[in-house]
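An overview of the molecular structure
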Amino acid sequence: METVVSGIRPTGNLHLGNYFGAVKNFLKMQEDYNCYFFIADYHSLTTHPTPADLHGNVRQVLVEYLAAGLDPEKATIYIQSDLPEVAELTLLLNMNAYVGELQRTTSFKEKVRSNPNNVNAGLLTYPVLMASDIIIHKAHKVPVGKDQEQNLEMTRKFATRFNHMYNHEYFTIPEPFNNGEALIKIPGLDGSGKMGKSDGNGIYLADSPKEIRKKVMKAVTDAGPTEQNAPLSEPIANLFTLMTAVSQPDTIDYFKEQYANCNIRYGDLKKQIAEDIVAFTNPIREKIEAIASDADYLRKVVNMGKEKAHESATKTIREVREIIGFKPF
Ligand code: TYM
């Protein structure tokens, strides 16, 4: 059976980008693949959370994973820092990752630009840690959104390089996976860019209906179409992309037609999107509330995941050490 690995940084609640870019595919894949879904708490240290925030955020993502439908009986759900073998593999892969190629990645350059006072070495080697997460379980497929495409390309590069260096087809070269479709990018509500945690432009699975309506009604639009079949501006194209994720096809067609005939009222479009998001998130939010108070269940899930993830990781580390040439005396 093929293996799947994917992770999410615990830097707040899950938003619709996380759900439609990743979690939605996790739900399908856990039925048919050997899945490892983890919470990337080592990765989140690049932004220096306080100890209390770190634990609270990990717990929240775990609760939301479960509320969204990840099943600990089907998939291995674990916390990245419960697997220190990942840190060892990162150290080993680092010897073979070049500073120049790491400096050239888009996400590193963006971080340097947006946060010049915190250009730490963890940010630079972020793709190496991500590669370790993936290849430690010899993943075949990695369900992620479009924003992680380059990181996955780096993973493929590091795995291939290791295999060449030691002349041993050891690591599987993983493929990005989005259910046979193109990788998706859920846009933010501010008219440009992706939905993200840091940008304050996200709708969260845990948001109340009132918050969702308020956020969607404030989304950026334009002055409206002035001629038939006008091309969509970026903010309007973004609203339609969001609609594609949450609304029925005939609803989307209706609003597209209204746009094409210049009859569209953006207020109505937003109301429809808001109601469809509320209908979609309502059951998840109810489950979030129920699972959040069940500390025993959460502990059980984490321990079970840790044990299963360890089995696979320790085997890989043992074999990698041997391939590299660490030998017992
Ligand atoms: P993170 O935590 O930023 O996002 C988690 C997942 O959500 C997807 N995603 C999106 N998809 C579509 N549209 C968006 N606006 C959007 N925002 C987020 C991401 O593609 C991702 O799948 N580096 C990773 C975490 C990670 C990881 C891994 C993932 C660490 N190790 C190993 C896969 C495999 C990250 O920061 O994702």
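Residues numbered from 1 in each chain as written. Predicted model: local features only at pLDDT ≥ 70, side-chain atom pairs only at ≥ 80, totals over all residues. Heavy atoms only, no water.

Structural notes on unusual backbone geometry
- Not every positive phi belongs to a glycine, and N167 is a case in point at roughly 50 degrees.
- Take N167: it is sitting in the loop between helix 9 (149–165) and strand 5 (175–177).
- With a phi close to 65 degrees, C262 is a non-glycine residue in the positive phi region.
- With respect to the element layout, C262 can be found in the loop between helix 12 (249–260) and helix 13 (266–292).
- Look at C262 and you get partly exposed, because its relative accessible area is 26%. (Helix = DSSP H or I, 4+ residues; strand = E, 2+ residues; numbered from the N terminus. Buried < 20%, exposed > 50% of the residue type's maximum accessible area, 1.4 Å probe, protein only.)

Brief notes about the side chain of N178
- Secondary-structure assignment places N178 in the loop between strand 5 and helix 10 (209–217).
- Within the structure, N178 has its side chain in polar contact with the side chain of N25 (distance 2.5 Å).
- Polar contacts involving the side chain of N178 include one to the main-chain carbonyl oxygen of A182, which spans 2.8 Å.
- Discounting residues that sit within four places of it in the chain, N178 has contacts with N25, L183 and I184. (Polar contact = N/O pair within 3.5 Å; in protein donor to acceptor, adjacent residues only side chain to side chain. Contact = heavy atoms within 4.5 Å.)

Side note on the site of the ligand
- In the vicinity of the ligand lie 27 residues, with R9, Y126, D133, G145 and D147 positioned nearest.
- Within the backbone of G17, a nitrogen or oxygen atom sits 3.1 Å from a nitrogen atom of the ligand.
- Relative to its free-state accessible area of 700 Å², the ligand is covered by the protein chains to the extent of 99%.
- Residues of the shell around the ligand, tallied by class, amount to 12 nonpolar, nine polar and six charged. (Near = heavy atom within 4 Å. Areas by Shrake-Rupley, 256 points an atom, 1.4 Å probe, with all protein chains shown as cover. Nonpolar A, V, L, I, M, F, W, Y, C, P; charged D, E, K, R; others polar.)

Some points on the pairing of strand 1 (residues 3–8)
- In terms of burial, strand 1 is largely enclosed, as five of its six residues are buried.
- One crossover worth recording links strand 1 to the parallel strand 2 (residues 34–39) by way of helix 1 (residues 16–32), and it is right-handed. (Right-handed = clockwise from strand over helix to strand, strands pointing away.)

So, the domain arrangement of the protein chain
- In terms of domain boundaries, the protein chain breaks down into domain 1 (3–184 + 295–324) and domain 2 (209–289).
- Of note, the centres of domain 1 and domain 2, computed from C-alpha atoms alone, are 32 Å apart.
- At the junction of the two partners, domain 1 supplies eight residues and domain 2 supplies nine residues.
- Of the roughly 680 Å² buried between domain 1 and domain 2 on both sides combined, carbon and sulfur atoms contribute 85%.
- Per-residue buried area on domain 1 facing domain 2 is highest for L16, F20 and A67; these three make up 67% of the total on that side.
- Between domain 1 and domain 2 we count zero salt bridges in total.
- Inspection of the domain 1/domain 2 interface yields zero residue pairs in polar contact (both at pLDDT 80 or more). (Domains from an automatic or database assignment. Buried area = accessible area lost by both parts, 1.4 Å probe. Salt bridge = Lys/Arg side-chain N within 4 Å of Asp/Glu carboxyl O.)

A look at the packing of aromatic side chains
- Scanning the model with the defined rule gives 10 aromatic pairs in all.
- Geometrically, the ring pair formed by F20 and F280 is tilted, given 5.2 Å between the ring centres and 35 degrees between the ring planes. Remark: F280 occurs in helix 13 and F20 occurs in helix 1; sequence separation between them is 260 residues.
- Judged by its relative accessible area of 22%, F280 falls in the partly exposed class.
- Judged by centre distance (5.1 Å) and plane angle (85 degrees), the ring pair of Y254 and F255 falls under edge-to-face.
- Classification of Y254 by relative accessible area gives partly exposed; the value is 46%.
- Sitting over the face of the ring of F326, R321 holds its NZ or CZ atom 5.1 Å from the ring centroid. (Phe/Tyr/Trp six-rings, centres within 6.5 Å; stacked < 30°, edge-to-face > 60°. Lys NZ or Arg CZ within 6 Å of the ring centre and 35° of its normal.)

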